[in-house]
Amino acid sequence: MSPYRSRFCPSPTGLLHLGNLRTALLNVLLAIKSGGTFILRIEDTDVDRSKTEFSEAVCDDLQWMGLHWQEGPRIGGPEDSYYQSERNSIYQDFYDKLLEENQIYPCFTSEEELKIIRRNQMAAGEPPRYNGIWANASKEEIEEELEKGNKPVYRFRLPKDKTIIFKDLVKGEQSFHTSDLDDFIVRKKDLSPTFMFANAIDDSLMGVNVVLRGDDHLSNTPRQIALLKALNLEIPEFIHVALFTGDDGAPLSKRNGSLSVKELKEIGYFPQAVINYLSRVGHTISDNELRNIHELSSVFNIGNISTSPSKIDHTQLNFWQKSVIESISIEELSSWLESSLEDLPKDVNKDSFVGLIRDNITFPADAVRYLKNLFINPLDSEKEVEDLIKQTGSHFFKIAEKIIEDNWGDWSKTMKLIGEETGAKGKNLFMPIRASITGQLSGPELDQVIEVMGLERVLRRLQEASSL
RNA sequence: GGCCCGUUCGUCUAGUGGUUAGGACAUCUGGUUUUCAUCCAGGCAACAGGAGUUCGAUUCUCCUACGGGCUACCA
(Lines give C-alpha, C1' and ligand atoms only; values in the text may rest on other atoms or scores of the structure.)
Protein backbone atom coordinates (compact mmCIF):
# COMPACT_ATOMS: atom_id res chain seq x y z
CA MET A 1 0.00 0.00 0.00
CA SER A 2 1.46 3.35 -0.98
CA PRO A 3 1.38 6.02 1.72
CA TYR A 4 -1.94 7.69 2.06
CA ARG A 5 -2.37 11.30 2.99
CA SER A 6 -5.75 11.23 4.70
CA ARG A 7 -7.53 13.99 6.49
CA PHE A 8 -10.27 14.90 8.88
CA CYS A 9 -11.88 18.27 8.42
CA PRO A 10 -14.57 19.11 10.95
CA SER A 11 -16.40 22.38 11.00
CA PRO A 12 -16.15 23.90 14.46
CA THR A 13 -19.87 24.32 14.98
CA GLY A 14 -20.25 21.83 17.78
CA LEU A 15 -18.58 19.15 19.80
CA LEU A 16 -17.07 16.02 18.34
CA HIS A 17 -19.33 13.02 18.77
CA LEU A 18 -19.15 9.29 18.13
CA GLY A 19 -20.05 9.67 14.47
CA ASN A 20 -17.35 12.23 13.61
CA LEU A 21 -14.94 10.39 15.76
CA ARG A 22 -15.38 7.21 13.78
CA THR A 23 -14.62 9.02 10.53
CA ALA A 24 -11.54 10.58 12.12
CA LEU A 25 -10.43 7.21 13.46
CA LEU A 26 -10.79 5.48 10.11
CA ASN A 27 -8.68 8.18 8.50
CA VAL A 28 -6.02 7.82 11.18
CA LEU A 29 -5.95 4.04 10.78
CA LEU A 30 -5.61 4.41 7.05
CA ALA A 31 -2.70 6.82 7.39
CA ILE A 32 -0.85 4.75 9.98
CA LYS A 33 -1.39 1.53 8.12
CA SER A 34 -0.01 2.92 4.88
CA GLY A 35 2.85 4.73 6.56
CA GLY A 36 1.27 7.98 5.45
CA THR A 37 0.14 11.23 6.97
CA PHE A 38 -3.00 12.29 8.76
CA ILE A 39 -3.99 15.91 8.29
CA LEU A 40 -6.38 17.94 10.41
CA ARG A 41 -8.06 20.94 8.86
CA ILE A 42 -10.64 23.19 10.45
CA GLU A 43 -13.42 24.17 8.06
CA ASP A 44 -14.61 27.36 9.64
CA THR A 45 -16.03 29.03 6.56
CA ASP A 46 -19.42 29.54 8.15
CA VAL A 47 -18.62 32.68 10.09
CA ASP A 48 -21.87 32.72 12.02
CA ARG A 49 -21.76 29.18 13.30
CA SER A 50 -18.04 28.58 13.72
CA LYS A 51 -16.66 29.12 17.20
CA THR A 52 -13.06 29.10 18.40
CA GLU A 53 -14.06 27.19 21.50
CA PHE A 54 -15.28 24.36 19.29
CA SER A 55 -12.14 24.17 17.17
CA GLU A 56 -10.11 24.06 20.36
CA ALA A 57 -12.38 21.37 21.77
CA VAL A 58 -12.05 19.32 18.60
CA CYS A 59 -8.26 19.42 18.87
CA ASP A 60 -8.36 18.58 22.57
CA ASP A 61 -10.77 15.73 22.01
CA LEU A 62 -8.80 14.17 19.18
CA GLN A 63 -5.63 14.36 21.21
CA TRP A 64 -7.32 12.83 24.22
CA MET A 65 -8.56 10.01 22.02
CA GLY A 66 -5.03 9.41 20.81
CA LEU A 67 -5.85 10.42 17.25
CA HIS A 68 -2.78 12.48 16.44
CA TRP A 69 -2.30 14.48 13.29
CA GLN A 70 0.99 15.14 11.56
CA GLU A 71 -0.11 18.34 9.84
CA GLY A 72 -2.68 20.77 11.16
CA PRO A 73 -3.58 23.22 13.90
CA ARG A 74 -1.18 23.58 16.84
CA ILE A 75 1.66 21.85 15.03
CA GLY A 76 1.55 23.44 11.59
CA GLY A 77 2.91 21.89 8.44
CA PRO A 78 3.69 22.88 4.86
CA GLU A 79 0.60 25.09 4.66
CA ASP A 80 0.46 28.58 6.13
CA SER A 81 -2.76 27.77 7.91
CA TYR A 82 -5.03 24.82 8.54
CA TYR A 83 -7.98 27.04 9.30
CA GLN A 84 -9.96 27.80 6.17
CA SER A 85 -10.92 31.19 7.53
CA GLU A 86 -7.25 32.14 7.18
CA ARG A 87 -6.86 30.90 3.62
CA ASN A 88 -8.93 33.46 1.76
CA SER A 89 -6.05 34.80 -0.32
CA ILE A 90 -5.48 31.30 -1.67
CA TYR A 91 -9.12 30.96 -2.63
CA GLN A 92 -9.07 34.41 -4.20
CA ASP A 93 -6.46 33.32 -6.74
CA PHE A 94 -8.64 30.43 -7.80
CA TYR A 95 -11.70 32.63 -8.06
CA ASP A 96 -9.78 35.02 -10.27
CA LYS A 97 -8.63 32.23 -12.49
CA LEU A 98 -12.06 30.66 -12.75
CA LEU A 99 -13.72 33.98 -13.49
CA GLU A 100 -11.18 34.84 -16.11
CA GLU A 101 -11.81 31.50 -17.78
CA ASN A 102 -15.55 32.05 -17.50
CA GLN A 103 -15.91 28.87 -15.46
CA ILE A 104 -17.79 30.70 -12.74
CA TYR A 105 -20.28 33.51 -13.07
CA PRO A 106 -21.98 35.97 -10.79
CA CYS A 107 -25.58 35.27 -9.93
CA PHE A 108 -27.85 37.92 -8.48
CA THR A 109 -30.85 35.82 -7.73
CA SER A 110 -31.60 36.38 -4.07
CA GLU A 111 -32.22 33.64 -1.54
CA GLU A 112 -35.87 34.67 -1.33
CA GLU A 113 -36.27 34.43 -5.08
CA LEU A 114 -34.56 31.05 -5.12
CA LYS A 115 -36.91 29.78 -2.47
CA ILE A 116 -39.91 30.82 -4.52
CA ILE A 117 -38.50 29.30 -7.68
CA ARG A 118 -37.85 26.04 -5.88
CA ARG A 119 -41.32 25.97 -4.42
CA ASN A 120 -42.86 26.53 -7.81
CA GLN A 121 -40.75 23.82 -9.38
CA MET A 122 -41.78 21.37 -6.70
CA ALA A 123 -45.42 22.26 -7.13
CA ALA A 124 -45.12 21.67 -10.87
CA GLY A 125 -43.51 18.31 -10.21
CA GLU A 126 -40.17 19.46 -11.55
CA PRO A 127 -36.82 18.90 -9.92
CA PRO A 128 -35.95 21.92 -7.80
CA ARG A 129 -32.91 23.32 -9.52
CA TYR A 130 -31.26 26.58 -10.20
CA ASN A 131 -32.75 27.77 -13.46
CA GLY A 132 -29.50 29.22 -14.74
CA ILE A 133 -30.89 32.65 -15.54
CA TRP A 134 -27.57 34.33 -14.76
CA ALA A 135 -25.47 31.78 -16.56
CA ASN A 136 -25.58 33.70 -19.79
CA ALA A 137 -26.16 37.21 -18.59
CA SER A 138 -24.55 39.99 -20.57
CA LYS A 139 -21.82 42.25 -19.24
CA GLU A 140 -24.35 45.08 -19.18
CA GLU A 141 -26.84 43.18 -17.09
CA ILE A 142 -24.15 42.33 -14.60
CA GLU A 143 -22.86 45.91 -14.53
CA GLU A 144 -26.33 47.15 -13.89
CA GLU A 145 -26.78 44.96 -10.81
CA LEU A 146 -23.37 45.88 -9.47
CA GLU A 147 -24.15 49.56 -9.89
CA LYS A 148 -27.32 49.07 -7.93
CA GLY A 149 -25.08 47.83 -5.15
CA ASN A 150 -26.31 44.26 -5.37
CA LYS A 151 -23.85 41.60 -4.30
CA PRO A 152 -23.64 38.39 -6.31
CA VAL A 153 -22.84 34.84 -5.38
CA TYR A 154 -20.62 32.98 -7.81
CA ARG A 155 -21.71 29.76 -9.39
CA PHE A 156 -19.64 27.09 -11.03
CA ARG A 157 -20.51 26.45 -14.64
CA LEU A 158 -21.01 22.71 -14.55
CA PRO A 159 -20.21 20.99 -17.87
CA LYS A 160 -23.45 20.10 -19.65
CA ASP A 161 -24.51 16.57 -20.51
CA LYS A 162 -21.47 14.91 -19.09
CA THR A 163 -21.24 11.76 -17.08
CA ILE A 164 -18.86 11.97 -14.18
CA ILE A 165 -17.48 8.61 -13.21
CA PHE A 166 -15.29 7.88 -10.25
CA LYS A 167 -14.27 4.83 -8.37
CA ASP A 168 -15.14 4.60 -4.74
CA LEU A 169 -12.62 2.30 -3.10
CA VAL A 170 -15.35 0.57 -1.13
CA LYS A 171 -18.54 0.96 -3.13
CA GLY A 172 -17.02 0.56 -6.55
CA GLU A 173 -17.68 2.63 -9.63
CA GLN A 174 -20.14 5.50 -9.26
CA SER A 175 -21.55 7.55 -12.07
CA PHE A 176 -23.54 10.76 -12.11
CA HIS A 177 -24.97 12.85 -14.92
CA THR A 178 -24.31 16.56 -14.76
CA SER A 179 -27.85 17.14 -15.93
CA ASP A 180 -29.00 15.96 -12.52
CA LEU A 181 -26.87 18.55 -10.79
CA ASP A 182 -27.01 22.29 -11.10
CA ASP A 183 -24.54 25.14 -11.12
CA PHE A 184 -23.59 25.14 -7.49
CA ILE A 185 -22.43 28.13 -5.52
CA VAL A 186 -18.70 28.36 -4.92
CA ARG A 187 -18.61 31.77 -3.32
CA LYS A 188 -21.14 33.31 -1.00
CA LYS A 189 -22.37 36.87 -1.07
CA ASP A 190 -20.02 37.74 1.80
CA LEU A 191 -17.14 36.51 -0.40
CA SER A 192 -16.42 33.48 1.75
CA PRO A 193 -16.04 30.10 0.05
CA THR A 194 -18.64 27.37 0.25
CA PHE A 195 -17.84 23.91 1.51
CA MET A 196 -18.08 22.46 -1.97
CA PHE A 197 -15.27 24.75 -3.10
CA ALA A 198 -12.87 25.15 -0.18
CA ASN A 199 -13.07 21.54 0.84
CA ALA A 200 -12.16 20.19 -2.58
CA ILE A 201 -9.46 22.75 -3.26
CA ASP A 202 -7.78 22.33 0.10
CA ASP A 203 -7.75 18.57 -0.19
CA SER A 204 -5.95 18.89 -3.45
CA LEU A 205 -3.57 21.64 -2.31
CA MET A 206 -2.67 19.72 0.80
CA GLY A 207 -1.80 16.68 -1.21
CA VAL A 208 -4.63 14.63 0.22
CA ASN A 209 -4.78 11.52 -1.91
CA VAL A 210 -7.63 9.74 -0.18
CA VAL A 211 -10.85 11.26 1.01
CA LEU A 212 -12.59 9.00 3.48
CA ARG A 213 -15.86 10.58 4.53
CA GLY A 214 -19.48 9.79 5.26
CA ASP A 215 -21.90 8.49 2.69
CA ASP A 216 -23.74 11.77 2.98
CA HIS A 217 -21.05 13.27 0.76
CA LEU A 218 -21.39 10.77 -2.04
CA SER A 219 -23.42 13.00 -4.30
CA ASN A 220 -21.14 15.96 -3.56
CA THR A 221 -18.22 14.07 -5.00
CA PRO A 222 -19.04 14.50 -8.72
CA ARG A 223 -19.43 18.24 -8.17
CA GLN A 224 -16.08 18.48 -6.46
CA ILE A 225 -14.44 16.36 -9.12
CA ALA A 226 -15.81 18.65 -11.83
CA LEU A 227 -14.43 21.65 -9.98
CA LEU A 228 -10.98 20.14 -9.51
CA LYS A 229 -10.90 19.17 -13.17
CA ALA A 230 -11.75 22.72 -14.16
CA LEU A 231 -8.81 23.93 -12.11
CA ASN A 232 -6.51 21.20 -13.30
CA LEU A 233 -5.97 20.07 -9.75
CA GLU A 234 -5.14 16.58 -8.64
CA ILE A 235 -8.20 14.46 -7.78
CA PRO A 236 -7.94 12.21 -4.72
CA GLU A 237 -9.36 8.75 -4.35
CA PHE A 238 -12.63 8.44 -2.48
CA ILE A 239 -14.07 6.18 0.16
CA HIS A 240 -17.59 6.82 1.32
CA VAL A 241 -18.40 4.98 4.49
CA ALA A 242 -21.96 4.13 5.38
CA LEU A 243 -23.49 6.29 8.04
CA PHE A 244 -23.38 5.53 11.71
CA THR A 245 -26.92 6.02 12.98
CA GLY A 246 -28.72 6.31 16.28
CA ASP A 247 -30.42 3.31 17.84
CA ASP A 248 -33.59 4.26 15.96
CA GLY A 249 -31.86 4.26 12.58
CA ALA A 250 -32.09 8.03 12.28
CA PRO A 251 -28.99 10.18 11.93
CA LEU A 252 -26.91 10.29 15.06
CA SER A 253 -28.05 12.93 17.52
CA LYS A 254 -28.21 13.54 21.23
CA ARG A 255 -31.63 12.06 21.62
CA ASN A 256 -30.91 8.72 19.98
CA GLY A 257 -27.80 7.76 21.79
CA SER A 258 -24.90 9.72 20.44
CA LEU A 259 -22.38 10.97 22.95
CA SER A 260 -19.92 13.78 22.58
CA VAL A 261 -16.28 13.09 23.31
CA LYS A 262 -16.69 15.46 26.23
CA GLU A 263 -19.44 13.25 27.64
CA LEU A 264 -17.47 10.07 27.02
CA LYS A 265 -14.65 11.59 29.00
CA GLU A 266 -16.92 12.68 31.80
CA ILE A 267 -18.55 9.27 32.07
CA GLY A 268 -15.10 7.77 32.30
CA TYR A 269 -14.70 5.86 29.08
CA PHE A 270 -11.20 4.84 28.16
CA PRO A 271 -10.13 6.14 24.74
CA GLN A 272 -8.93 2.64 23.99
CA ALA A 273 -12.41 1.22 24.61
CA VAL A 274 -13.91 3.78 22.29
CA ILE A 275 -11.50 3.17 19.44
CA ASN A 276 -11.83 -0.59 19.73
CA TYR A 277 -15.58 -0.26 19.50
CA LEU A 278 -15.52 2.31 16.73
CA SER A 279 -13.07 0.39 14.59
CA ARG A 280 -15.50 -2.51 14.55
CA VAL A 281 -18.54 -0.51 13.50
CA GLY A 282 -18.94 -0.76 9.76
CA HIS A 283 -15.58 -2.44 9.60
CA THR A 284 -14.80 -6.06 10.32
CA ILE A 285 -12.04 -7.23 12.60
CA SER A 286 -12.36 -10.96 12.87
CA ASP A 287 -11.35 -11.41 16.49
CA ASN A 288 -12.07 -9.76 19.83
CA GLU A 289 -8.56 -8.70 20.74
CA LEU A 290 -8.26 -5.45 22.60
CA ARG A 291 -5.79 -3.36 20.63
CA ASN A 292 -4.02 -0.05 20.70
CA ILE A 293 -4.21 2.33 17.78
CA HIS A 294 -1.17 0.89 16.01
CA GLU A 295 -2.37 -2.66 16.41
CA LEU A 296 -5.78 -1.59 15.15
CA SER A 297 -4.21 0.01 12.11
CA SER A 298 -2.43 -3.19 11.23
CA VAL A 299 -5.70 -5.12 11.13
CA PHE A 300 -7.53 -2.27 9.43
CA ASN A 301 -8.48 -3.04 5.87
CA ILE A 302 -10.34 -0.98 3.31
CA GLY A 303 -11.85 -4.17 1.93
CA ASN A 304 -13.44 -4.85 5.32
CA ILE A 305 -15.40 -1.63 5.34
CA SER A 306 -19.10 -2.34 5.10
CA THR A 307 -21.47 -0.63 2.71
CA SER A 308 -24.51 -0.63 4.94
CA PRO A 309 -25.25 1.73 7.81
CA SER A 310 -24.82 0.66 11.41
CA LYS A 311 -26.65 1.55 14.57
CA ILE A 312 -24.95 2.73 17.69
CA ASP A 313 -24.91 0.16 20.49
CA HIS A 314 -23.81 1.17 23.94
CA THR A 315 -23.73 -2.36 25.30
CA GLN A 316 -21.05 -3.17 22.78
CA LEU A 317 -19.15 -0.03 23.65
CA ASN A 318 -19.40 -0.99 27.30
CA PHE A 319 -18.10 -4.45 26.54
CA TRP A 320 -14.89 -2.86 25.31
CA GLN A 321 -14.81 -0.62 28.32
CA LYS A 322 -14.91 -3.66 30.61
CA SER A 323 -12.34 -5.29 28.47
CA VAL A 324 -9.95 -2.40 29.06
CA ILE A 325 -10.61 -2.50 32.81
CA GLU A 326 -9.75 -6.19 32.76
CA SER A 327 -6.53 -5.65 30.87
CA ILE A 328 -4.81 -2.80 32.65
CA SER A 329 -2.74 -2.82 35.82
CA ILE A 330 -3.99 -1.94 39.30
CA GLU A 331 -1.85 1.20 39.15
CA GLU A 332 -3.49 2.34 35.94
CA LEU A 333 -6.91 1.53 37.33
CA SER A 334 -6.17 3.50 40.47
CA SER A 335 -5.08 6.53 38.57
CA TRP A 336 -8.14 6.26 36.33
CA LEU A 337 -10.30 6.29 39.47
CA GLU A 338 -8.23 8.82 41.33
CA SER A 339 -10.74 11.64 41.61
CA SER A 340 -13.56 9.19 42.37
CA LEU A 341 -11.71 7.76 45.34
CA GLU A 342 -11.17 10.93 47.30
CA ASP A 343 -13.60 9.88 50.01
CA LEU A 344 -11.92 6.54 50.59
CA PRO A 345 -11.02 6.31 54.30
CA LYS A 346 -7.33 6.85 54.90
CA ASP A 347 -6.80 3.49 56.57
CA VAL A 348 -8.09 1.60 53.55
CA ASN A 349 -5.50 0.57 51.01
CA LYS A 350 -6.46 2.12 47.72
CA ASP A 351 -5.01 -0.59 45.51
CA SER A 352 -6.72 -3.33 47.51
CA PHE A 353 -10.04 -1.57 47.15
CA VAL A 354 -9.56 -1.08 43.42
CA GLY A 355 -8.54 -4.71 43.01
CA LEU A 356 -11.59 -5.77 44.96
CA ILE A 357 -14.13 -4.01 42.75
CA ARG A 358 -12.32 -4.33 39.42
CA ASP A 359 -14.54 -7.06 38.00
CA ASN A 360 -17.69 -5.32 39.13
CA ILE A 361 -17.29 -1.87 37.66
CA THR A 362 -17.64 -0.32 34.23
CA PHE A 363 -17.38 3.36 35.10
CA PRO A 364 -15.94 5.46 37.90
CA ALA A 365 -19.51 6.02 39.08
CA ASP A 366 -19.70 2.31 39.89
CA ALA A 367 -16.59 2.60 42.02
CA VAL A 368 -18.11 5.56 43.80
CA ARG A 369 -21.21 3.50 44.53
CA TYR A 370 -19.13 0.78 46.15
CA LEU A 371 -17.09 3.31 48.04
CA LYS A 372 -20.18 5.03 49.42
CA ASN A 373 -22.04 1.85 50.28
CA LEU A 374 -19.07 0.12 51.85
CA PHE A 375 -17.67 2.98 53.87
CA ILE A 376 -19.92 5.99 54.06
CA ASN A 377 -23.64 5.63 53.54
CA PRO A 378 -25.84 4.37 56.38
CA LEU A 379 -27.50 0.99 55.84
CA ASP A 380 -30.92 2.45 55.26
CA SER A 381 -29.89 4.40 52.18
CA GLU A 382 -30.96 1.68 49.77
CA LYS A 383 -34.50 0.48 50.27
CA GLU A 384 -33.98 -3.18 49.41
CA VAL A 385 -31.03 -3.38 51.76
CA GLU A 386 -32.95 -1.74 54.57
CA ASP A 387 -35.97 -4.00 54.03
CA LEU A 388 -33.90 -7.16 54.04
CA ILE A 389 -32.09 -6.18 57.22
CA LYS A 390 -35.31 -5.30 59.04
CA GLN A 391 -36.92 -8.48 57.83
CA THR A 392 -34.02 -10.53 59.13
CA GLY A 393 -34.18 -8.99 62.59
CA SER A 394 -31.53 -7.77 64.99
CA HIS A 395 -31.09 -11.15 66.70
CA PHE A 396 -29.38 -12.52 63.58
CA PHE A 397 -26.89 -9.68 63.41
CA LYS A 398 -26.01 -9.86 67.09
CA ILE A 399 -25.10 -13.50 66.70
CA ALA A 400 -23.18 -12.77 63.52
CA GLU A 401 -21.27 -9.96 65.14
CA LYS A 402 -20.04 -12.16 67.97
CA ILE A 403 -19.06 -15.05 65.73
CA ILE A 404 -17.25 -12.84 63.27
CA GLU A 405 -15.27 -11.18 66.04
CA ASP A 406 -14.27 -14.51 67.56
CA ASN A 407 -13.29 -16.12 64.28
CA TRP A 408 -11.76 -13.24 62.34
CA GLY A 409 -9.41 -14.60 59.72
CA ASP A 410 -11.32 -17.78 58.91
CA TRP A 411 -14.29 -16.70 56.88
CA SER A 412 -15.61 -20.08 55.80
CA LYS A 413 -15.63 -21.26 59.40
CA THR A 414 -17.29 -18.01 60.40
CA MET A 415 -20.10 -18.41 57.93
CA LYS A 416 -20.55 -22.02 58.90
CA LEU A 417 -20.91 -21.09 62.55
CA ILE A 418 -23.34 -18.28 61.84
CA GLY A 419 -25.38 -20.70 59.80
CA GLU A 420 -25.46 -23.26 62.58
CA GLU A 421 -26.23 -20.73 65.27
CA THR A 422 -29.02 -18.92 63.41
CA GLY A 423 -30.40 -21.82 61.45
CA ALA A 424 -30.13 -19.79 58.26
CA LYS A 425 -28.50 -21.19 55.18
CA GLY A 426 -27.86 -20.44 51.54
CA LYS A 427 -29.41 -17.25 50.41
CA ASN A 428 -31.03 -16.57 53.77
CA LEU A 429 -27.63 -16.73 55.38
CA PHE A 430 -25.50 -14.88 52.89
CA MET A 431 -27.77 -12.12 51.75
CA PRO A 432 -28.38 -10.53 55.15
CA ILE A 433 -24.68 -10.70 55.86
CA ARG A 434 -23.86 -9.17 52.49
CA ALA A 435 -26.52 -6.51 52.86
CA SER A 436 -25.44 -5.47 56.35
CA ILE A 437 -21.72 -5.42 55.67
CA THR A 438 -21.65 -4.01 52.14
CA GLY A 439 -24.86 -2.00 52.03
CA GLN A 440 -25.65 -3.68 48.71
CA LEU A 441 -27.26 -6.85 47.46
CA SER A 442 -24.51 -7.70 45.01
CA GLY A 443 -20.79 -7.38 44.80
CA PRO A 444 -17.47 -9.21 45.02
CA GLU A 445 -16.85 -12.28 47.18
CA LEU A 446 -17.58 -11.49 50.81
CA ASP A 447 -14.30 -12.80 52.21
CA GLN A 448 -12.46 -10.36 49.98
CA VAL A 449 -14.75 -7.51 50.92
CA ILE A 450 -14.30 -7.91 54.67
CA GLU A 451 -10.57 -8.17 54.28
CA VAL A 452 -10.45 -4.77 52.67
CA MET A 453 -12.92 -3.28 55.15
CA GLY A 454 -11.25 -4.55 58.28
CA LEU A 455 -12.70 -6.10 61.45
CA GLU A 456 -13.70 -2.91 63.19
CA ARG A 457 -15.69 -1.57 60.33
CA VAL A 458 -17.42 -4.88 59.76
CA LEU A 459 -18.44 -5.09 63.41
CA ARG A 460 -19.72 -1.56 63.37
CA ARG A 461 -21.82 -2.41 60.35
CA LEU A 462 -23.35 -5.40 62.10
CA GLN A 463 -24.19 -3.25 65.12
CA GLU A 464 -25.82 -0.73 62.85
CA ALA A 465 -27.82 -3.52 61.26
CA SER A 466 -29.07 -4.89 64.56
CA SER A 467 -30.25 -1.50 65.68
CA LEU A 468 -32.00 -0.61 62.46
C1' G B 1 -40.52 15.03 -7.37
C1' G B 2 -35.24 13.93 -9.40
C1' C B 3 -30.50 11.57 -8.60
C1' C B 4 -27.83 8.34 -5.44
C1' C B 5 -26.66 4.73 -1.38
C1' G B 6 -28.27 0.72 1.52
C1' U B 7 -31.33 -3.96 3.61
C1' U B 8 -28.07 -11.48 6.90
C1' C B 9 -29.97 -13.28 14.33
C1' G B 10 -32.36 -7.71 19.00
C1' U B 11 -27.23 -5.26 17.78
C1' C B 12 -22.16 -5.35 15.26
C1' U B 13 -21.09 -8.57 11.45
C1' A B 14 -18.80 -13.33 8.47
C1' G B 15 -20.03 -16.07 4.30
C1' U B 16 -21.16 -18.94 -0.40
C1' G B 17 -24.52 -20.40 -7.19
C1' G B 18 -25.37 -26.35 -3.51
C1' U B 19 -23.14 -24.49 4.06
C1' U B 20 -26.18 -27.79 9.94
C1' A B 21 -25.78 -19.74 7.11
C1' G B 22 -20.28 -18.88 11.24
C1' G B 23 -18.56 -15.40 15.22
C1' A B 24 -19.06 -11.39 18.85
C1' C B 25 -22.27 -8.30 22.13
C1' A B 26 -26.98 -8.67 24.46
C1' U B 27 -30.49 -12.31 26.26
C1' C B 28 -31.83 -17.20 28.32
C1' U B 29 -30.29 -21.85 30.79
C1' G B 30 -26.75 -24.70 33.51
C1' G B 31 -22.07 -24.89 36.50
C1' U B 32 -18.95 -22.33 40.24
C1' U B 33 -20.00 -19.08 44.49
C1' U B 34 -23.75 -22.66 51.11
C1' U B 35 -25.78 -15.86 48.39
C1' C B 36 -25.64 -12.06 44.45
C1' A B 37 -22.26 -9.94 41.08
C1' U B 38 -17.94 -11.73 38.55
C1' C B 39 -16.16 -16.09 36.05
C1' C B 40 -16.99 -20.70 33.06
C1' A B 41 -20.09 -23.89 29.77
C1' G B 42 -24.28 -24.43 26.72
C1' G B 43 -28.90 -22.81 24.19
C1' C B 44 -32.39 -19.46 21.42
C1' A B 45 -32.13 -16.38 17.39
C1' A B 46 -31.24 -13.90 10.74
C1' C B 47 -30.61 -13.96 4.62
C1' A B 48 -37.03 -7.43 3.77
C1' G B 49 -40.97 -9.06 -0.08
C1' G B 50 -42.10 -10.52 -5.22
C1' A B 51 -40.73 -11.99 -10.02
C1' G B 52 -36.85 -13.76 -13.28
C1' U B 53 -31.98 -16.44 -14.69
C1' U B 54 -30.57 -21.47 -13.08
C1' C B 55 -30.89 -28.41 -12.08
C1' G B 56 -30.40 -25.25 -7.70
C1' A B 57 -30.50 -19.00 -5.32
C1' U B 58 -29.27 -15.83 0.84
C1' U B 59 -25.57 -15.21 -3.17
C1' C B 60 -26.81 -12.91 -10.08
C1' U B 61 -30.87 -9.49 -12.62
C1' C B 62 -35.30 -6.61 -12.29
C1' C B 63 -39.42 -4.65 -9.54
C1' U B 64 -41.67 -3.29 -4.80
C1' A B 65 -41.32 -1.96 0.27
C1' C B 66 -38.58 0.15 4.01
C1' G B 67 -34.32 3.19 5.85
C1' G B 68 -30.87 7.04 4.56
C1' G B 69 -28.28 10.92 1.75
C1' C B 70 -27.92 14.99 -1.80
C1' U B 71 -31.04 18.30 -4.36
C1' A B 72 -28.71 25.24 1.07
C1' C B 73 -25.35 31.83 0.10
C1' C B 74 -24.67 24.33 6.21
C1' A B 75 -20.68 21.38 6.15
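Residues numbered from 1 in each chain as written. Chains lettered and ligands numbered in written order. Predicted model: local features only at pLDDT ≥ 70, side-chain atom pairs only at ≥ 80, totals over all residues. Heavy atoms only, no water.

Student: Describe the nonpolar core, and please don't skip the residues or the numbers.
Tutor: The biggest cluster of nonpolar side chains holds 94 residues, and the ones touching the most others in it are Leu-18, Leu-21, Leu-62 and Phe-353. For this core, the leading source of residues is helix α1 (residues 18–33), giving nine residues. In contact with Leu-21, other than residues within four places in its own chain, are Leu-16, Leu-62, Met-65, Leu-67, Val-261, Leu-264, Val-274 and Leu-278. Among the nonpolar cores identified, the runner-up in size contains 33 residues, and Tyr-154, Phe-156, Phe-166 and Phe-197 belong to it. (Core = buried A, V, L, I, M, F, W, Y, C linked by side-chain atoms within 4.5 Å. Buried < 20%, exposed > 50% of the residue type's maximum accessible area, 1.4 Å probe, protein only. Helix = DSSP H or I, 4+ residues; strand = E, 2+ residues; numbered from the N terminus. Contact = heavy atoms within 4.5 Å.)

Student: Give me the sheet that holds strand β7 (residues 185–187): which residues, what numbers.
Tutor: The strand order across the open sheet formed by three strands is β3-β4-β7, and the pairing between neighbours is antiparallel. Looking along the sheet, the strands with just one partner apiece sit at the ends: β3 (104–107) and β7. The sheet shows a mean angle of 45° between the axes of neighbouring strands, taken without regard to direction. Note that strand β4 (residues 153–156) and β7 share two bridges and pair antiparallel. Note on β7: the bridge partner recorded for Tyr-154 is Arg-187. (Pairing = 2+ DSSP bridges. Axes fitted to C-alpha atoms, helices over the stretch in contact; angles between N-to-C directions.)

Student: Outline the domain arrangement of chain A, listing residues and values.
Tutor: What the domain assignment lists for chain A is domain 1 (1–71 + 242–327), domain 2 (87–241) and domain 3 (377–466). The straight-line distance from the C-alpha centre of domain 1 to that of domain 2 is 29 Å. Between domain 1 and domain 2, the contact holds 22 residues from the first and 27 residues from the second. Here domain 1 meets domain 2 over a buried area of about 1,900 Å², counting both sides, of which 59% is carbon and sulfur. (Domains from an automatic or database assignment. Buried area = accessible area lost by both parts, 1.4 Å probe.)

Student: Please provide a residue-by-residue account of the packing of aromatic side chains, values included.
Tutor: We describe a pair of aromatic rings using the distance from one ring centre to the other and the angle between the two ring planes. For the structure on display, the rule yields 12 aromatic pairs. Look at Tyr-91 and Phe-197: their rings are 6.1 Å apart centre to centre, the planes differ by 75°, and that puts the pair in the edge-to-face class. Here Tyr-91, found in helix α3 (residues 88–100), pairs with Phe-197, found in helix α6 (residues 195–205); they are 106 residues apart in sequence, far enough to count as distant. Grouping residues by exposure puts Tyr-91 and Phe-197 together as buried. Between the aromatic rings of Tyr-95 and Phe-197, the centroid separation amounts to 4.4 Å while the plane-to-plane angle is 10°, which identifies the pairing as stacked. Residue Tyr-95 is located in helix α3, and its partner Phe-197 is located in helix α6; the two are separated by 102 residues in the primary sequence. (Phe/Tyr/Trp six-rings, centres within 6.5 Å; stacked < 30°, edge-to-face > 60°.)

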